[in-house]
Amino acid sequence: MQSLGDAFSMLGALDHDVMAIAWLSLRVSLSAVLLGSLVAIPLGALLAIVTFPGRPLVVAVVNAFMGLPPVLVGLIVYLLLSRSGPLGALGLLFSPGAMIVAQTVLAIPLLAALTRQIVEDAHRELDEQLRSLRLDVWQRIRVLVFHLRFSLVVAVLAAFGRAISEVGAVLVVGGNIDGYTRTMTTAISLETQKGDLPLAIALGILLIAIVLVVNGTASAMRAYTMRLYP
Amino acid sequence: MTAGLQIVLRGLCFRPNGRTVLAGLDATITSPGITAIIGPNGAGKSVTLRMIDGLLQPDSGTVRFGPRPPESIRRSFVFQRPGLIRASVARNIALALLPLRLPRAEAERRVATALARVGLADRADDSAQKLSGGEQQRLALARVWVTDPELLLLDEPTASLDPGATEAIECLVHSMAKAGTKIVLVSHNIGQVARLARDVLVLCQGRVVEHGATGQILTMPRTPEARAFLKAEMPWQCFAAAS
């Protein structure tokens with residue numbers, strides 16, 4: 001109980017360390033979800049509307065990759081960004097940039113798989129209409145993504161939830177460096193091991209609050225715009 | 001503009017999953033105005049329309065437009081369900097202009113003109129989903145009108161509309177035909193066919209069993225298949241035997 005009280009005191013006092021860690025987590029995860037969305041939503045939509053030999057296999061692989069273990073993604077990104085790796089020259093390892101790359105890799109399969117499913121259902125209804133308007137593949141993707149924007153918000157929120165709550169990938173590629181790459185999840189893990197429970201609890205409460213605020217804001221915006229375009 | 005637009009269908013066969021939908025369909029449509037395709041369910045009317053548009057490819061046979069290559073014909077299609085996206089009325093119309101890559105001002109001008117033509121100018125910024133069924137189908141017509149098609153294909157455009165909305169759609173279709181657009185209409189509404197069409201194709205089991213002027217087909221069908229279909233549609237009608 002003492003720890004819980006101390007945790008609320010830290011939050012109430014807007015403890016500088018807590019806020020810096022929260023801001024870094026938010027920045028990394030939002031950047032990863034934004035980058036992931038730019039790549040995965042068009043890719044998922046493309047997978048939904050084109051047919052090619054082996055498509056069921058590709059769909060199965062993308063679906064399976066939704067469950068990629070974060071620590072494995074961290075390892076792969078580590079190998080890519082390490083000094084002797086193919087992207088070592090970028091000098092990103094143990095920086096927030098590396099953490100963004102790792103979380104983007106985590107978010108892409110989830111976003112692509114959910115987008116593929118959402119778009120495929122709508123595509124059955126609108127395919128003939130869009131083809132009769134002589135829209136090319138990318139124009140059809142643009143129109144379908146716009147048409148389904150409210151449903152796709154849910155996919156983006158799921159990706160954000162996965163990114164902000166994972167610990168393995170950012171730990172491996174970020175190194176949990178105090179004041180530089182320490183996120184809420186890596187800090188919670190470390191502080192719990194050290195026995196500094198008030199800080200761990202404060203960060204945990206803040207993490208839940210951030211997830212609730214982001215989801216609540218997105219849901220409210222979705223509900224408002226859906227009222228305009230039901 | 002569309003004088004001389006020929007639609008020549010030769011030996012169209014279509015057998016999805018082994019089920020025969022079109023069985024060597026032949027037709028030549030040369031008349032201006034509105035041509036109707038009628039026939040019982042499963043006769044292949046909608047499939048024929050989709051092949052004329054290019055949405056479906058036949059297993060064998062050809063769709064030609066006289067000497068002109070198919071891609072040079074500005075074709076548009078209106079379906080039974082209008083297929084609208086979650087966006088404003090104006091944005092739904094602007095979709096049809098995407099392939100033309102027009103400057104924004106020109107696209108907006110065309111959208112405004114199309115909306116005025118179908119009587120939806122004051123609904124431009126409303127959600128398309130909030131329109132009534134009749135208004136949605138008028139929006140679908142505006143969306144094809146905006147591209148100034150030479151050939152318009154209509155697949156039962158008033159099937160789920162009340163008489164008032166049906167009349168509004170028929171007026172618009174009639175005015176498009178008068179403006180020079182060649183229209184091919186699939187309809188189960190024989191009254192609508194009588195009101196709109198200049199000539200009629202009767203399809204049965206994937207073939208054209210009769211093609212002629214509307215008045216002749218609807219009052220004196222020559223073939224037993226056409227007679228049987230029209231008798232089922234208009235049981236009160238006595239058909240004179242064709243000479």
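The structure presented is a predicted model; accordingly, all values stated were derived computationally and were not measured.

What counts and what doesn't
Residues numbered from 1 in each chain as written. Chains lettered and ligands numbered in written order. Predicted model: local features only at pLDDT ≥ 70, side-chain atom pairs only at ≥ 80, totals over all residues. Helix = DSSP H or I, 4+ residues; strand = E, 2+ residues; numbered from the N terminus. Buried ≥ 20, exposed ≤ 12 C-beta atoms within 10 Å, placed from the backbone. Pairing = 2+ DSSP bridges. Axes fitted to C-alpha atoms, helices over the stretch in contact; angles between N-to-C directions. Contact = placed C-beta atoms within 7 Å. Nonpolar A, V, L, I, M, F, W, Y, C, P; charged D, E, K, R; others polar. Parallel < 35°, antiparallel > 145°, perpendicular 65-115°, else oblique. Left-handed = near helix turned anticlockwise from the far one by under 90°. pLDDT = per-residue confidence, 0-100. Arc of directions from axis to C-beta. Core = buried A, V, L, I, M, F, W, Y, C linked by C-beta atoms within 7 Å.

Peer 1: Would you explain the overall build of chain A in this entry?
Peer 2: When helices and strands are tallied, chain A shows 10 helices and zero strands. Its helices and strands in sequence order give chain A the pattern α-α-α-α-α-α-α-α-α-α, from N to C terminus. Its C-alpha atoms give chain A principal-axis dimensions of roughly 65 × 50 × 25 Å. Taking all 230 residues of chain A together, 38% fall into the buried category.

Peer 1: Mind showing me how you'd approach the sheet that holds strand E1 (residues 7-14) of chain B here?
Peer 2: Two modes of strand pairing occur in sheets, parallel and antiparallel, and in both the strands are linked by backbone hydrogen bonds. Residue and element names in this part refer to chain B. In space, the three strands of this open sheet follow the order E2-E1-E4, with antiparallel pairing throughout. Sheet topology places strand E2 (22-29) and strand E4 (60-64) at the edges, where each strand pairs with a single neighbour. Strand-to-strand twist of the sheet, defined as the mean angle between neighbouring strand axes without regard to direction, takes the value 10°. Here E1 pairs with E4 via four bridges, running antiparallel. Bridge pairing links Arg-10 to Thr-62 in E4.

Peer 1: Any chance you could explain the interface of chain A and chain B here in plain terms?
Peer 2: Often, the extent of an interface is quoted as the loss of accessible area upon association of its parts. The partner chain B presents 16 residues to the 15 residues of chain A that form the contact. Of all the elements in the fold, those that place two or more residues in the side of chain A that touches chain B are helix H5 (96-132) and helix H6 (137-147) of chain A. At five residues, the largest contribution of residues to the side of chain A that touches chain B is made by H5 of chain A. Class assignment of the residues belonging to the side of chain A that touches chain B gives a composition of eight nonpolar, four polar and three charged.

Peer 1: Help me out: how do you make sense of the packing of helix H9 (residues 184-194) of chain A against helix H10 (residues 197-228) of chain A in this one?
Peer 2: Relative orientation and spacing of two packed helices are given, respectively, by the angle between their axes and the distance between those axes. Residues and elements named next belong to chain A. At a minimum axis separation of 8 Å, H9 and H10 run at an interaxial angle of 155°. By the criterion of interaxial angle, the relationship of H9 to H10 is roughly antiparallel. Between H9 and H10 the crossing geometry is left-handed. Contacts between H9 and H10 involve Met-184, Ala-187, Ile-188, Glu-191 and Thr-192 on the former and, on the latter, Leu-197, Leu-199, Ala-200, Leu-203, Gly-204, Leu-206 and Leu-207. Its residues assigned to classes, the contact of H9 with H10 shows nine nonpolar, two polar and one charged.

Peer 1: Looking at this model, I keep getting lost on the confidence of the model for chain B. Mind explaining?
Peer 2: Reading predicted coordinates in detail is not appropriate for stretches of low pLDDT. Overall, the predicted model of chain B reaches an average pLDDT of 93, with 96% of residues at or above 70. Across the interfaces of the predicted complex, the ipTM metric reaches 0.89, alongside a pTM of 0.89.

Peer 1: What exactly am I supposed to notice about the sheet that holds strand E7 (residues 182-186) of chain B here?
Peer 2: Residue and element names in this part refer to chain B. Pairing is mixed across the open sheet formed by six strands, whose spatial order is E5-E6-E7-E3-E8-E9. Across the chains shown, the open sheet's two edge strands, defined by having one partner strand only, are strand E5 (75-78) and strand E9 (207-213). With direction set aside, neighbouring strand axes in the sheet form an average angle of 15°. Taken strand by strand, helix H5 (residues 163-178) contacts strand E3 (34-38), strand E6 (151-155) and E7, and its axis lies near 145° from that of E7.

Peer 1: In this structure, what is going on with H6 of chain A? I would like to understand it.
Peer 2: For an α-helix the count is 3.6 residues per turn, leaving residues at separations of three or four pointing the same way. Residue and element names in this part refer to chain A. Among the residues of H6, those classed as buried are Arg-140, Ile-141, Val-143, Leu-144 and His-147. All buried residues of H6 project into a common sector of 165° when viewed along the axis, lining one side. Packed against the buried residues of H6 are helix H2 (16-49) and H5.

Peer 1: Just checking my understanding: could you explain the nonpolar core for this structure?
Peer 2: For soluble globular proteins, the rule of thumb is that nonpolar side chains tend to be buried together. Counting 133 residues, the largest nonpolar core has Ala-102, Leu-111 and Leu-203 of chain A together with Ile-93 and Val-202 of chain B as its most contacted members. Top contributing element to this core by residue count: H5 of chain A, with 18 residues. Excluding residues that lie within four positions of it along the chain, Ile-93 of chain B makes contacts with Val-111, Ala-114, Leu-115, Ala-142, Arg-143 and Val-146 of chain B.

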